[in-house]
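One-letter residues, chain by chain:
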Amino acid sequence: MRVAVLSGPNLNLLGMREPELYGRATLDQIEAAVRAAAASAGAEVEWFQSNHEGALIDAVQGLAGRADGALINAAALSHTSLALRDAVLAVRVPFVEVHLSNIFAREPERRRSLLADLALGVVAGFGARSYLLGFEALVAALRDAG
Ligand code: DQA
């Protein structure tokens with residue numbers, strides 16, 4: 001099983017970026033934890049982060065035929081990018097949306113995600129652990145789907 005993990009703008013700054021909201025784990029540490037979980041689950045991980053909307057759209061388009069599923073934290077683009085939504089709609093790869101913070105308890109403009117209704121599910125509010133929980137849920141859902 002091959003899983004892609006896509007992270008959007010400013011997530012490269014995790015660890016020093018608003019730690020009261022996002023915690024102290026760096027994206028490298030989160031990647032290491034997800035890779036360890038993947039190794040136990042017998043899954044392969046493709047890891048990608050970009051601060052650029054177009055690069056993320058290219059990455060989503062590239063999922064077709066390359067990944068069985070994806071974990072997506074599109075960061076602020078979750079709330080704004082119709083183009084990213086369109087890419088996800090076009091590719092139709094099953095995915096779990098993750099957020100470190102509980103976006104539903106934040107400013108009104110963050111409470112809506114343009115990807116959420118397309119996702120298998122959403123994990124938000126557990127800090128770095130959201131990635132691990134989302135990964136576990138995605139692998140289980142892909143296994144269930146056979
Ligand atoms: C985030 C939540 C977004 O609203 C924000 O723009 C981010 C991170 C999260 O993981 O909590 O950059 O996606």
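Preceding this paragraph is the structure being described.
First things first, this report covers the structure right here in the doc.

Analysis parameters
Residues numbered from 1 in each chain as written. Predicted model: local features only at pLDDT ≥ 70, side-chain atom pairs only at ≥ 80, totals over all residues. Heavy atoms only, no water. Helix = DSSP H or I, 4+ residues; strand = E, 2+ residues; numbered from the N terminus. Buried < 20%, exposed > 50% of the residue type's maximum accessible area, 1.4 Å probe, protein only. Polar contact = N/O pair within 3.5 Å; in protein donor to acceptor, adjacent residues only side chain to side chain. Contact = heavy atoms within 4.5 Å. Near = heavy atom within 4 Å. Areas by Shrake-Rupley, 256 points an atom, 1.4 Å probe, with all protein chains shown as cover. Nonpolar A, V, L, I, M, F, W, Y, C, P; charged D, E, K, R; others polar. Axes fitted to C-alpha atoms, helices over the stretch in contact; angles between N-to-C directions. Parallel < 35°, antiparallel > 145°, perpendicular 65-115°, else oblique. Left-handed = near helix turned anticlockwise from the far one by under 90°. Expected span 1.5 Å × (residues − 1). Core = buried A, V, L, I, M, F, W, Y, C linked by side-chain atoms within 4.5 Å.

### Side note on the side chain of Arg 106
Line of reasoning, step 1. With respect to the helices and strands, Arg 106 occurs in the loop between strand S4 (95-99) and strand S5 (121-124).
Line of reasoning, step 2. By relative accessible area, Arg 106 is classed as buried at 12%.
Line of reasoning, step 3. At 3.0 Å, the side chain of Arg 106 forms a polar contact with the side chain of Tyr 22.

### Quick word on the environment of Ala 119
Line of reasoning, step 1. Among the secondary structure elements, Ala 119 is positioned in the loop between S4 and S5.
Line of reasoning, step 2. For Ala 119 and Arg 24, which are 95 residues apart along the polypeptide, the C-alpha to C-alpha distance reads 27 Å.
Line of reasoning, step 3. Beyond its immediate chain neighbours, meaning those up to four positions away, Ala 119 contacts Phe 95 and Glu 97.

### Focus on the site of the ligand
Line of reasoning, step 1. Around the ligand, the structure places Arg 17, Tyr 22, Asn 73, Ala 75, Ala 76, His 79, His 99, Leu 100, Ser 101, Ile 103, Arg 106 and Arg 110.
Line of reasoning, step 2. Between the ligand and the protein, one listed contact pairs an oxygen atom with a backbone N or O atom of Ala 76 at 3.2 Å.
Line of reasoning, step 3. A distance of 2.8 Å separates an oxygen atom of the ligand from a polar atom in the side chain of His 99.
Line of reasoning, step 4. Computed on the free molecule, the ligand has an accessible area of 320 Å², of which 99% lies beneath the protein chains in the complex.
Line of reasoning, step 5. Among the residues forming the shell around the ligand, the class breakdown is five nonpolar, four polar and three charged.

### A short note on the packing of helix H2 (residues 27-41) against helix H6 (residues 129-144)
Line of reasoning, step 1. Following both chains from N to C, one finds H2 and H6 inclined at 30°, their axes separated by 10 Å at the closest point. Here H2 lies roughly parallel to H6, going by the angle between them. As for the relative orientation of H2 and H6, their crossing is right-handed in sense. Residue-level contacts link Leu 27, Ile 30, Ala 33, Val 34, Ala 37, Ala 38 and Ala 41 of H2 to Tyr 131, Leu 132, Phe 135, Val 139 and Arg 143 of H6.

### Focus on H6
Residues spaced three or four apart along an α-helix point in a common direction, a consequence of the helix completing one turn every 3.6 residues.
Line of reasoning, step 1. For H6, which comprises 16 residues, the first-to-last C-alpha distance of 22 Å matches the rise-based estimate of 22 Å (1.5 Å per residue) to within 8%.
Line of reasoning, step 2. Of the surrounding elements, those touching the buried residues of H6 are strand S1 (2-7), H2, strand S2 (44-49), strand S3 (69-73), S4 and S5.
Line of reasoning, step 3. Once H6 finishes, Gly 146 follows within two positions and takes phi at roughly 75°, a positive value.

### Considerations on the nonpolar core
Line of reasoning, step 1. With 23 residues, the main nonpolar core has Val 5, Val 34, Trp 47, Tyr 131 and Phe 135 as its most contacted residues.
Line of reasoning, step 2. If near-sequence neighbours (up to four positions away) are discounted, Tyr 131 is found in contact with Val 5, Ser 7, Leu 11, Leu 27, Ile 30, Val 34, Trp 47, Leu 71, Asn 73, Val 98 and Leu 100.
Line of reasoning, step 3. The next biggest cluster of nonpolar side chains, apart from the first, holds 21 residues, and it includes Ala 4, Val 60, Ala 70 and Ile 72.

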